[in-house]
Amino acid sequence: MLKHLEKILQWSAGLTAAAALFGIMWLTLFDVTGRKFLNNSIPGSLEITEILMVVVIFGALPLVSWRGEHVVFDTLDPYVPAWLKTLQARLVHLVCAGTLGMMAYLLSLRARRFAEYGDVTIHLQLSLAPVAWLMAALLLTTALVHLLFAAVAPVPGHGATGETP
Amino acid sequence: MTEAALGFAAVFLLAFMRVPLALAMAIAGFAGLGLMRGWPASFASTSQVIFETGFHYVLSVIPLFVLMGNLVARAGMARELFTAANAFVGHRRGGLAIATVIASGGFGSICGSSIATAATMSRVAYPEMKRHAYKDTLASGAIASGGTLGILIPPSTVLVIYGIITETDIGKLFVAGILPGLVAIACLCLAVVWVTWRDPQAGPPAERFTWGERLKAIRGIWGVALLFALVIGGIYGGVFTATEGAGVGATGAFIFALARGTLTLKVLIDILVESSRTTAMLFSILIGAMIFTSFINFTSMPADLRDFVVQFSPTPILVVVVMMGIYLLLGMIMEELAIVLLTIPVFFPVIVGLGFDPVWFGILIVTIVEIGLISPPVGLNLFVLNSLLPNVNLAILYRGIWPFVWADVARLGILIAFPIISLWLPGMMR
């Protein structure tokens with residue numbers, strides 16, 4: 001069951017984020033070469049990049065949470081008794097779920113406001129509301145991942161430290 | 001002041017309970033703002049920070065440099081760098097370890113991540129050192145410490161993040177990292193010399209190369225040289241911004257990896273998804289730090305601290321030394337990057353208020369993060385090597401790293417004493 005869910009996340013959110021990142025790379029290259037050598041940049045490439053960035057960051061976030069790759073302080077781990085570890089993991093997942101759910105709610109408020117005022121990007125006149133909705137939806141997905149782990153057994157690999165550059 | 005202190009206490013409490021740092025900062029910042037300015041203001045401010053950090057053109061520099069690093073790590077360029085460095089110094093005592101440090105520095109010039117640099121070099125350099133009967137302490141120490149050059153020598157994800165938080169010019173920060181990077185290579189090489197002077201068995205000499213072989217080896221690194229010249233040269237010469245340079249560099253790395261036949265569709269997707277995940281992880285910390293910063297900036301702490309520090313104004317350098325000392329001590333038990341992100345909103349105004357150059361301070365901060373990556377017991381590069389080299393346990397890693405940690409501390413002292421090393425090159429930029 002969990003394996004299937006991970007596959008689904010990997011192939012939906014993960015692949016979309018990957019494609020968006022690949023897109024940003026080519027878009028930046030064509031925009032630069034166009035501007036430097038042909039005196040002609042891609043119109044609105046900045047704004048497209050910004051939207052793709054949202055897909056990359058928030059699309060990959062559920063996967064980061066799934067794999068327990070967030071940066072955590074594990075300094076106290078050796079001193080936490082084994083019986084407490086499961087409880088601790090569940091509680092932490094619950095806190096994460098609550099916080100991310102709150103963030104999703106805040107973004108949904110913002111999305112509604114954007115829709116109400118009809119806010120658009122400067123150049124391409126793209127509506128901002130769907131962007132905020134997308135953020136809210138993906139934050140909610142991430143919150144649900146944590147909620148799932150709060151309910152079922154601790155995550156495999158939860159003991160690993162997160163990656164830093 | 002009290003509010004800010006409570007805020008910091010809350011972050012540490014949550015973080016030590018194992019709440020991800022990004023969320024610990026977000027919770028403390030959000031609640032702090034809510035209690036001080038009222039909840040509607042906190043709602044608005046927090047959602048604005050999340051939206052604007054995610055929807056921000058300049059920040060695309062982060063995923064692009066992460067992607068570039070992951071692509072060059074697969075392109076096999078590290079082997080040529082190591083061969084070239086080895087051709088010149090390998091026949092000396094400890095020469096392979098010196099070659100590892102130099103090659104790591106070279107790899108750092110096209111890769112902005114210390115973990116990717118250490119991981120890549122461990123695959124290339126460790127088997128070679130093992131074959132020449134190097135001791136594991138020296139071999140692992142050279143790889144772990146060499147890996148940290150990835151974030152000092154441009155491009156560098158840490159400098160990008162510092163630049164974004166403090167609104168310092170990323171191009172200038174990159175260029176500033178070049179000379180300190182050379183100083184760092186020199187210090188680490190001296191550490192190798194010291195180790196092999198104390199214990200000649202740690203790193204016996206390898207075969208000597210002829211000049212013909214050396215020239216051939218040096219020609220092998222044209223790919224790295226080209227990418228570095230294109231990206232950093234382009235940024236230095238003002239041809240493009242850091243973001244544009246990152247896009248060009250990532251595409252260049254993609255083409256190199258493709259041309260060398262190291263990319264299948266599956267590998268490419270893996271690299272892209274991995275880069276996206278790293279990006280998401282970095283941004284969650286960035287967003288958390290920004291939410292926390294907007295709270296801290298609303299408290300009296302930055303101003304109080306500035307007033308407190310002013311009494312040191314006859315010898316402002318003392319403040320820097322004390323700050324670095326605090327970082328070094330905290331860094332032994334905690335993730336350095338996290339501490340830096342957490343303290344920048346408080347320390348940075350003080351540094352600027354004392355008249356120091358933000359670019360110089362950025363280089364010091366990177367050096368601190370580098371030391372944190374290798375200083376036992378909590379050093380991420382050591383953990384990475386521990387998982388990549390199964391026969392090298394943590395005790396060996398801890399024992400082997402100390403000479404390199406001291407070399408890094410000595411370098412930190414040099415960089416504090418001579419700001420010109422960091423500031424000369426960026427001063428020449430247009």
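Residues numbered from 1 in each chain as written. Chains lettered and ligands numbered in written order. Predicted model: local features only at pLDDT ≥ 70, side-chain atom pairs only at ≥ 80, totals over all residues. Heavy atoms only, no water.

Enquirer: Please provide a residue-by-residue account of the overall build of chain A, values included.
Expert: The secondary structure content of chain A amounts to 4 helices and 0 strands. Each helix (α) and strand (β) of chain A, taken in turn from the N terminus, gives the series α-α-α-α. Relative to the 2.2 N^0.38 estimate, which gives 15 Å for 165 residues, the radius of gyration of chain A is 19 Å and therefore markedly larger than a compact globule would have. Principal axes of the C-alpha set define a box for chain A whose edges measure 65 × 40 × 30 Å. Across the 165 residues of chain A, 48% fall into the buried class. Taken as a whole, chain A presents about 8,000 Å² of accessible surface, with 70% of it coming from carbon and sulfur. Charged side chains of chain A number 10 positive and 10 negative; the gap between the two group centres comes to 4 Å. (Helix = DSSP H or I, 4+ residues; strand = E, 2+ residues; numbered from the N terminus. Rg over C-alpha atoms; globule rule 2.2 N^0.38 Å. Buried < 20%, exposed > 50% of the residue type's maximum accessible area, 1.4 Å probe, protein only. Areas by Shrake-Rupley, 256 points an atom, 1.4 Å probe, with all protein chains shown as cover. Lys, Arg positive; Asp, Glu negative; His and termini not counted. Charge placed at Lys NZ, Arg CZ, Asp CG, Glu CD.)

Enquirer: I'd like a description of the interface of chain A and chain B, backed by residues and values.
Expert: Of the residues lining the interface, 64 residues belong to chain A; the matching set on chain B comes to 68 residues. Approximately 5,900 Å² of surface area, both sides summed, lies buried where chain A meets chain B, with 77% of it carried by carbon and sulfur atoms. Remark: the boundary between chain A and chain B carries 3 salt bridges. Close ionic contact of R18(B) with D77(A) constitutes a salt bridge, the shortest N to O distance being 2.9 Å. If you look at where chain A meets chain B, you find 8 residue pairs in polar contact (both at pLDDT 80 or more). Taken together, the elements giving at least two residues each to the side of chain A that touches chain B come down to helix 1 (2-37), helix 2 (45-66), helix 3 (82-117) and helix 4 (129-151) of chain A. When its residues are assigned to classes, the side of chain A that touches chain B shows 41 nonpolar, 14 polar and 9 charged. (Contact = heavy atoms within 4.5 Å. Buried area = accessible area lost by both parts, 1.4 Å probe. Salt bridge = Lys/Arg side-chain N within 4 Å of Asp/Glu carboxyl O. Polar contact = N/O pair within 3.5 Å; in protein donor to acceptor, adjacent residues only side chain to side chain. Nonpolar A, V, L, I, M, F, W, Y, C, P; charged D, E, K, R; others polar.)

Enquirer: Please set out helix 3 (residues 39-54) of chain B residue by residue, giving values where relevant.
Expert: In this model, helix 3 of chain B (16 residues) spans 23 Å end to end at C-alpha, consistent with the 22 Å of a helix rising 1.5 Å per residue. Residues of helix 3 of chain B that are buried include every one of S42(B), S45(B), T46(B), S47(B), V49(B), I50(B), F51(B), T53(B) and G54(B), and no others. Residues of helix 3 of chain B that are buried sit in contact with helix 2, helix 3 and helix 4 of chain A together with helix 2 (21-37) and helix 16 (265-296) of chain B. (Expected span 1.5 Å × (residues − 1).)

Enquirer: So what's going on with the packing of aromatic side chains? Residues and values would help.
Expert: Applying the stated criterion across every chain, the model contains 19 aromatic pairs over all chains. One aromatic cluster in this structure is built from F22(A), W26(A), F30(A) and F254(B). The ring of F298(B) is capped by R37(B), whose NZ or CZ atom sits 4.9 Å from the centre of that ring. When the ring centre of W211(B) is taken as origin, the NZ or CZ atom of R214(B), which lies over that ring, is 4.8 Å away. (Phe/Tyr/Trp six-rings, centres within 6.5 Å; stacked < 30°, edge-to-face > 60°. Lys NZ or Arg CZ within 6 Å of the ring centre and 35° of its normal.)

Enquirer: Let's hear about the pattern of salt bridges: which residues, and what values?
Expert: Residue and element names in this part refer to chain B. According to the stated counting rule, one finds 13 salt bridges over all chains in the structure shown. A salt bridge links K130 to D136; the nearest nitrogen and oxygen atoms lie 3.0 Å apart. Residue K130 is classed as partly exposed on the basis of its relative accessible area, which comes to 38%. Take D136: its relative accessible area is 16%, and that puts it in the buried class.

Enquirer: Tell me about the packing of helix 6 (residues 95-108) of chain B against helix 8 (residues 136-147) of chain B, residues and numbers included.
Expert: All names here are of chain B. Two elements in contact, helix 6 and helix 8, have axes separated by 8 Å at closest approach and are oriented at 15 degrees. As the angle between them shows, helix 6 and helix 8 are arranged roughly parallel. When you trace helix 6 past helix 8, the crossing you get is right-handed. Residue-level inspection shows A97, T100, V101 and S104 of helix 6 in contact with helix 8, the latter providing L138, A142, I143, G146 and G147. Taken together, the residues of the contact of helix 6 with helix 8 sort by class into 5 nonpolar, 4 polar and no charged. (Axes fitted to C-alpha atoms, helices over the stretch in contact; angles between N-to-C directions. Parallel < 35°, antiparallel > 145°, perpendicular 65-115°, else oblique. Left-handed = near helix turned anticlockwise from the far one by under 90°.)

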